[in-house]
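Coordinate analysis (summary)
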Amino acid sequence: MECVFGLVGNGFAIVVADTSAVHSILVHKSNEDKIMVLDSHKLIAASGEPGDRVHFTEYIQKNVALYQFRNGIPLTTAAAANFTRGELATALRKNPYSVNILMAGYDKEIGPSLYYIDYIATLHKVDKGAFGYGSYFSLSMMDRHFHSGMSLEEAIDLVDKCIIEIRSRLVVAPPNFVIKIVDKDGAREYAWRESIKDAGVVSA
């Protein structure tokens, strides 16, 4: 029951992901961060099979860092998204990854951007996007309340509306979410929205 969504505002992009690590009917942990910092001004939020998600996002992160190390300049967000799409397309014909990605970034000349990349290597630049079962509710909320040029306060309010809708409408809703933002000051964690916390190990 994964939920990943994001949007572009006035001078920033926000991505949100649930933090549940689930297998079958078991919840293994509820503080799994599914949004990776690619570099100083890029975020990659992923949903899908846990092994594919971790392996593929780390692979992209290291290759983006390698490009910057070799060439002395970072990839733009569009270039990183196209590279990611190319790797998914190559893997699709060999050993496909079951992973869906929202990539957010900020470029000095272009500003904030958000890219939607699904497991069959479809790439779109979007103003808002979502993956997972939570997308049914978050997309409907964003269709209703999203507008271009949103302020940070408006965007966070919309994010909270989406989280409340997911928690109240999805039959097996994830309890916790992490919110990350990227703007001219860089990519960083903004906040957590928690309804439960992982308990420590209880000794016998």
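A few points on the structure.

Quick notes on the rules
- Residues numbered from 1 in each chain as written.
- Predicted model: local features only at pLDDT ≥ 70, side-chain atom pairs only at ≥ 80, totals over all residues.
- Heavy atoms only, no water.
- Helix = DSSP H or I, 4+ residues; strand = E, 2+ residues; numbered from the N terminus.
- Rg over C-alpha atoms; globule rule 2.2 N^0.38 Å.
- Buried < 20%, exposed > 50% of the residue type's maximum accessible area, 1.4 Å probe, protein only.
- Contact = heavy atoms within 4.5 Å.
- Areas by Shrake-Rupley, 256 points an atom, 1.4 Å probe, with all protein chains shown as cover.
- Lys, Arg positive; Asp, Glu negative; His and termini not counted.
- Charge placed at Lys NZ, Arg CZ, Asp CG, Glu CD.
- Pairing = 2+ DSSP bridges.
- Axes fitted to C-alpha atoms, helices over the stretch in contact; angles between N-to-C directions.
- Phe/Tyr/Trp six-rings, centres within 6.5 Å; stacked < 30°, edge-to-face > 60°.
- 1 Å grid on protein atoms, 1.4 Å probe; cavity = no way out; pocket = protein on both sides within 12 Å on 5 of 7 lines; lining within 4 Å.
- Points joined across faces, edges and corners; volume = space filled by probe spheres on them.
- Core = buried A, V, L, I, M, F, W, Y, C linked by side-chain atoms within 4.5 Å.

Digging into the overall build of the protein chain
From N to C terminus, the protein chain includes four helices and twelve strands. For a compact globule of 204 residues, the expected C-alpha radius of gyration is about 17 Å, and the protein chain comes in at 17 Å, within 12% of that figure. Seen along its three principal axes, the alpha-carbon backbone of the protein chain occupies a region of about 55 × 40 × 30 Å. Here the protein chain holds 204 residues, and 48% of them are scored as buried. The contacts in the protein chain between residues at least 6 apart in sequence include a share of 59% that link residues at least 24 apart. Split by element, the accessible area of the protein chain, about 10,500 Å² in all, is 53% carbon and sulfur. Here the protein chain holds 21 positive side-chain charges and 24 negative ones, and the gap between their average locations is 3 Å.

Focus: the sheet that holds strand S11 (residues 177-183)
In spatial order, the strands read S10-S1-S2-S11-S12; together these five strands make up an open sheet with antiparallel pairing. Looking at which strands have only one partner, the edges of the open sheet turn out to be strand S10 (128-132) and strand S12 (186-193). Looking at each pair of strands side by side, their axes are set apart by 15° on average, direction ignored. Pairing geometry for S11 and S12, over seven bridges, is antiparallel. Paired with Val-182 across the strands is Ala-187, a residue of S12.

Notes on the packing of aromatic side chains
Scanning the entire structure with this criterion turns up three aromatic pairs. Look at Phe-56 and Tyr-59: their rings are 6.4 Å apart centre to centre, the planes differ by 35°, and that puts the pair in the tilted class. Note that Phe-56 and Tyr-59 are positioned in helix H1 (residues 50-71) at a spacing of three residues, about one turn of the helix. Aromatic pair Tyr-116 and Phe-131: ring centres 4.5 Å apart, planes at 25°, arrangement stacked. Of this pair, Tyr-116 sits in strand S8 (residues 111-117) while Phe-131 sits in strand S10; the two residues are 15 residues apart in sequence, bridging distant segments of the chain. Relative accessible area serves as the criterion here: at 23%, Tyr-116 is assigned to the partly exposed category. The class of Phe-131 is buried, set by a relative accessible area of 6%. Taken together through their ring pairs, the aromatic side chains of Phe-56, Tyr-59 and Tyr-97 make up a single cluster.

Description of the layout of surface pockets
Here the idea is plain: a probe the size of a water molecule rolls over the atoms and shows the empty space left. Quantified by volume, the largest pocket comes out at close to 550 Å³. Lining the largest pocket are 25 residues, with Met-1, Glu-2, Ser-20, Val-22 and Lys-34 positioned closest to its centre. Of all the secondary structure elements, the ones that give two or more residues to the lining of the largest pocket are strand S3 (21-23), strand S4 (26-29), strand S6 (42-48) and H1. It is S3 that provides the largest number of residues to the lining of the largest pocket, a total of three residues.

Brief notes about the sheet that holds S6
Where strands meet in a sheet, backbone hydrogen bonds hold them as pairs that are either parallel or antiparallel. An order of S5-S6-S7-S8-S9 is seen for the five strands of this open sheet, with the pairing classed as antiparallel. The open sheet has two edge strands with one neighbour each: strand S5 (35-39) and strand S9 (123-126). Geometrically, the sheet is characterised by an average inter-axis angle of 25° between neighbouring strands, direction not taken into account. One ladder, built from seven bridges, connects strand S7 (residues 99-107) with S8; its direction is antiparallel. Within the sheet, the bridge partner assigned to Asp-107 lies in S8 and is Gly-111.

Side note on the nonpolar core
Ranked by internal contacts, the top residues of the largest apolar core, which has 23 residues, are Phe-5, Ile-14, Val-16, Met-142 and Val-159. Of all elements in the fold, only strand S1 (3-8), strand S2 (12-18), helix H3 (135-145), helix H4 (152-169) and S11 reach the threshold of two or more residues within this core. Contacts of Phe-5, omitting those with residues within four sequence positions, involve Ile-14, Val-15, Val-16, Leu-102, Gly-129, Ala-130, Ser-138, Met-142, Val-159, Cys-162, Ile-163 and Ile-166. Counting residues in each nonpolar core, the second largest holds 20 residues, with Ala-81, Ala-91, Ile-101 and Tyr-115 among its members.

Observations concerning the environment of Glu-109
One can find Glu-109 in the loop between S7 and S8. Along the chain, Glu-109 and Ala-13 lie 96 residues apart, while their C-alpha atoms are 15 Å from each other.

In short, geometric facts, not functional conclusions.
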